Amino acid sequence: MTRAVLTLNAGSSSLKVSLFPEVGEVPLASGLADKIGPEGVLTLKDAEGQPVAASGDLSTHAGAMAAVIDGFRAHWPELDLVAIGHRVVHGGADRDAPAPVTEALLAELEALSPFAPLHQPHNLAGIRAAMAAFPGVPQVACFDTAFHRNQPFVNDTFALPREMYAEGVRRYGFHGLSYEYIANELARTAPQLSIGRVVVAHLGNGASMCGIVNGRSVSSTMGFSALDGLPMGTRCGQVDPGVLLYLMDQKGMTAAEITDLLYRKSGLLGLSGLSNDMRTLETAGTPEAMQAIDYFTFRCQREVGAMAAALGGIDALVFCGGIGENSRLIRARICERLGWMGIEVDHAKNAANDRVISTHLARTTAMVIPTNEELVIARAARAAVGLQEAAE
Ligand code: AMP
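Residues numbered from 1 in each chain as written. Predicted model: local features only at pLDDT ≥ 70, side-chain atom pairs only at ≥ 80, totals over all residues. Heavy atoms only, no water.

Remark: helix H8 (residues 241-249) packs on helix H9 (residues 255-264), axes separated minimally by 10 Å, with the N-to-C direction vectors making an angle of 140°. Between H8 and H9, the angle falls in the class oblique. Handedness of the crossing formed by H8 with H9: right-handed. When H8 is examined against H9, the residues Leu-244, Leu-247 and Met-248 are found in contact with a partner set consisting of Ile-258, Leu-261 and Leu-262. Of the residues that constitute the contact of H8 with H9, the class distribution is 6 nonpolar, no polar and no charged. (Axes fitted to C-alpha atoms, helices over the stretch in contact; angles between N-to-C directions. Helix = DSSP H or I, 4+ residues; strand = E, 2+ residues; numbered from the N terminus. Parallel < 35°, antiparallel > 145°, perpendicular 65-115°, else oblique. Left-handed = near helix turned anticlockwise from the far one by under 90°. Contact = heavy atoms within 4.5 Å. Nonpolar A, V, L, I, M, F, W, Y, C, P; charged D, E, K, R; others polar.)

The term disulfide refers to a covalent linkage connecting the sulfur atoms of a pair of cysteines. Tallied over the full model, the rule gives 0 disulfides. In this structure Cys-142 is not part of a disulfide, and its nearest cysteine sulfur, from Cys-210, lies 17 Å away. In this structure Cys-300 is a free cysteine whose sulfur lies 10 Å from that of Cys-335, the closest cysteine sulfur available. Residue Cys-300 is classed as buried on the basis of its relative accessible area, which comes to 0%. (Disulfide = S-S within 2.5 Å. Buried < 20%, exposed > 50% of the residue type's maximum accessible area, 1.4 Å probe, protein only.)

On to empty space enclosed by the protein. Tallied over the entire structure, the rule returns 3 cavities of 30 Å³ or more. Forming the boundary of the largest cavity are Val-89, Phe-115, Ala-116, Pro-117, Leu-118, His-119, Phe-174, Ser-225, Ala-226 and Tyr-263. Each residue belonging to the lining of the largest cavity can be placed in one class, and the counts come to 8 nonpolar, 2 polar and no charged. (1 Å grid on protein atoms, 1.4 Å probe; cavity = no way out; pocket = protein on both sides within 12 Å on 5 of 7 lines; lining within 4 Å. Points joined across faces, edges and corners; volume = space filled by probe spheres on them.)

A separate point is the sheet that holds strand S5 (residues 79-88). What the 7 strands build is an open sheet, ordered S4-S3-S2-S1-S5-S7-S6; its pairing is mixed. Looking along the sheet, the strands with just one partner apiece sit at the ends: strand S4 (41-46) and strand S6 (99-100). Both strand S3 (residues 29-34) and S4 contribute to a ladder of 6 bridges, which runs antiparallel. Bridging from a neighbouring strand, Ala-33 pairs with Leu-42 of S4. Sheet strands touched by helix H1 (residues 61-75): strand S1 (2-10), strand S2 (15-21), S3, S4 and S5. Its angle to S2, the strand with the most contacts, is close to 30°. (Pairing = 2+ DSSP bridges.)

Of all hydrophobic cores here, the largest spans 53 residues; its most connected members are Phe-143, Leu-203, Met-209, Phe-296, Leu-317 and Phe-319. Element by element, the count of residues in this core is highest for helix H12 (residues 287-311), at 9 residues. The residues touching Phe-143, leaving out its near neighbours within four places in the chain, are Val-88, His-90, Gly-91, Arg-95, Ala-97, Pro-98, Ala-99, Leu-105, Leu-109 and Leu-177. With 30 residues, the next largest nonpolar core counts Ala-83, Cys-142, Cys-210 and Val-376 among its residues. (Core = buried A, V, L, I, M, F, W, Y, C linked by side-chain atoms within 4.5 Å.)

Turning our eyes to something else, we now look at the pattern of salt bridges. Applying the stated criterion across every chain yields a total of 20 salt bridges. Note that Arg-3 and Asp-80 form a salt bridge whose closest N and O atoms lie 4.0 Å from each other. Separated by 77 residues along the polypeptide, Arg-3 in strand S1 and Asp-80 in strand S5 bring together distant segments of the chain. For Arg-3, a relative accessible area of 34% puts it in the partly exposed group. A single salt-bridge network, built from bridges that share partners, covers Arg-3, Glu-22 and Asp-80. (Salt bridge = Lys/Arg side-chain N within 4 Å of Asp/Glu carboxyl O.)

One way to put it is that H12 packs onto helix H14 (residues 328-335) with a least axis distance of 8 Å and a crossing angle of 50°. Overall, the two elements H12 and H14 adopt an arrangement that is oblique. Considering how the two elements wind past one another, H12 and H14 form a crossing that is right-handed. Residues Ile-293, Asp-294, Phe-296, Thr-297, Cys-300 and Gln-301 of H12 form the contact with H14, whose participating residues are Ile-330, Arg-333 and Ile-334. When its residues are assigned to classes, the contact of H12 with H14 shows 5 nonpolar, 2 polar and 2 charged.

This is the structure we're talking about:
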């Protein structure tokens, strides 16, 4: 019998899956159902990267889930799926931990959809599809907001009339599963640093920073939505709200048009006019691509400074996400003007993608820690069925 837990991350037209064993960090398999609809594509791979054959009806999320599990069952005939963990973007103001999926929880999370209209409905549709595809298997929801829910009021609010805070217009912060993984990794591998003041830079197609003290989130660059803070692949990052008033008042743009502009046409893509992909920009060499990189690294530098101020100092800067884990150029560029806060990169270590990339003498440790949001979800799913404590 192969007892396993499944992790699911449902987007509008995609489904990311990983199958984890009862214990351990390495998934038995992982994969992606992409372009769910008439042209759906499903790719599954085992732990060695070998393809796991799978096919089926990819026109809906429920069909894609059935195809995934059929593929797994053909590969592991003795498969016993004991729990399913879901990534859910929004858990609201009070949820600071994963929660078992019930009808009451789904109703609560559906009420939050207006706060995250581009993600929450798809996450919830994924849960409903999994309930239909795997009746009787316990499910647990893991929230991207949960890690940040105990931030001080000054980091949780905007300077808007108080009733808006009560209504839920707050700074929630996102990428919480990634930050939780990094906080746990630090506690496991660098306990001295983990009780200190750590700034984590999750730099991928989505990008944010989180200030952590003694394992707890104190400050984050993403706020009410996943638009705020750092510039991203196609998202704008922080922008003067006056720009939005101008677009509405003077250019007559609708909410849908502004949403499209801020979420899909801005960031690295908007500034470079070329691509949202950092690798492409690093090799392009056009003035616009270089300016996009300059803006990205400058805003990262600024936010490290702001985070350090919020934390009262900084003991470590940790990079993760596709850019943070792989781009030595961007890491070096971000660190290069932060010497005043004790950050000093060892260029050989940085080029080798070492775990510690700062010099021996640097006051502040700079690190690269590959993040693993799926493992955080798998741990929560295991804990939900008593397989293991949430933190292994
Ligand atoms: P993620 O969303 O975390 O998968 O990160 C995607 C981003 O990471 C894209 O902008 C990629 O171009 C970037 N990325 C991945 N590998 C590299 C690399 N070797 N050098 C620079 N950027 C990279």
